[in-house]
Amino acid sequence: MEATKEPGLTFLFAKFDGILGLGFQEIAVDDVTPVWYNMLDQGLVSEPLFSFWLNRDANDDDGGEIIFGGMDSDHYTGNHTYVPVSQKGYWQFDMGDVLIDGETTGFCADGCAAIVDSGTSLLAGPSVIIAAINEAIGASGLISWECKAIVSQYGDQIIEMLLQKMNPSQICTNLGLCSLSSNKFRSNLASVVNGLPESMNDLQDTECVMCEMAIVWAQNQLMKNQSSESIKAYLNNVCDHLPDPSGEAIVDCNQVASMPDVTFTIGGAQFKLTAEQYILEVGDGDQAQCISGFMGFDIPSGPLWILGDVFMGVYHTVFDYGNLQVGFAQAV
């Protein structure tokens, strides 16, 4: 299969060659035989398990290691904590309570379903608890952040240009936020919101849409004879409530050291993530952004956690097909 569209910051900053499915036969598309099953059938592995070590040190040339048929003791310390696979499909198991700074959230105190998945870059969970985590670490949606950045940098100019009766469709182009070839200015709120990009991959498109939104909202407030300061306060308030299509959130890089630990209970053991481990820094210098490693993910069948690379980078992971269990140990 060929992917022609990859929304989300993950695909902007990471360089993927493709995806190799290592789930169970039960969810194989068109019931094709997964590569792992062929390895077993052909006797190519010494043990019916495979293991992951993901190196989170960006300065190391060695990005990590997957071993089919065993595990490398050089890449973990202590013993693995194993939990049985609760449902074949993805590598699913039962997980216990989630703690923020050592305090229970209560959300999974009676258990939650979880899967561990190297194909998920972040750590996804039910929106209600992810919102609590992101609130505790001061994270806001990327779309909200971009919206506020536009208001902060260009709010005064937008309001002044509107007061000078400049054609609204020209303002964002004059500010350099929309391309000269763009003739699709959306003059009403519904069309602007519907124009929200599905991802942050194209920064100029995002800035253009945010600028157009600010103009629509500012025009509405100017008709009510609001002051410039009141209009900017209103714009920032609206930015806070913008839906984030990707579920991703951003934090202040200067506050990472003061952010709480987040701990997951698996097999009766606690697996802690520090802020340095669950915050992803992308870009360099003044352009650096810090992304929350947590994103909301809701499904109709009930709460589900996806422990992706944010978790697997900290904990060496064993997928034990022979005993239908998953194991975690501190990675080194």
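Report follows, based on the coordinates. (Residues numbered from 1 in each chain as written. Predicted model: local features only at pLDDT ≥ 70, side-chain atom pairs only at ≥ 80, totals over all residues. Heavy atoms only, no water.)

Things to note about the packing of aromatic side chains
Here the distance between the centres and the angle between the planes together describe a pair of aromatic rings.
Reasoning step 1: With the rule as written, the count across this model stands at 21 aromatic pairs.
Reasoning step 2: Between Trp91 and Phe319, the aromatic rings sit 5.2 Å apart at their centres with planes inclined by 80°, giving edge-to-face as the arrangement. Here Trp91 is found in strand E5 (residues 91-95), whereas its partner Phe319 is found in strand E18 (residues 315-320), with 228 residues between them in sequence. Accessibility classification places Trp91 together with Phe319 in one group, the buried group.
Reasoning step 3: With a centroid separation of 5.1 Å and 55° between ring planes, the pair formed by Tyr278 and Phe294 is classed as tilted. One end of the pair, Tyr278, is in helix H9 (residues 275-278); the other, Phe294, is in strand E16 (residues 294-296), with 16 residues separating them in the sequence. (Phe/Tyr/Trp six-rings, centres within 6.5 Å; stacked < 30°, edge-to-face > 60°. Helix = DSSP H or I, 4+ residues; strand = E, 2+ residues; numbered from the N terminus. Buried < 20%, exposed > 50% of the residue type's maximum accessible area, 1.4 Å probe, protein only.)

Regarding the pairing of strand E13 (residues 269-273)
Reasoning step 1: Bridging between strand E12 (residues 262-266) and E13 involves 5 bridges; their strand directions are antiparallel. Among the inter-strand pairings, Ile266 is bridged to a residue of E13, identified as Ala269.
Reasoning step 2: Counting the residues between successive antiparallel strands, the hairpin from E12 to E13 contains 2 residues, one of them, Gly267, with a positive phi of roughly 55°. (Pairing = 2+ DSSP bridges.)

Some details on the environment of Cys147
Reasoning step 1: The topology assignment puts Cys147 in helix H4 (residues 142-163).
Reasoning step 2: Classification of Cys147 by relative accessible area gives buried; the value is 2%.

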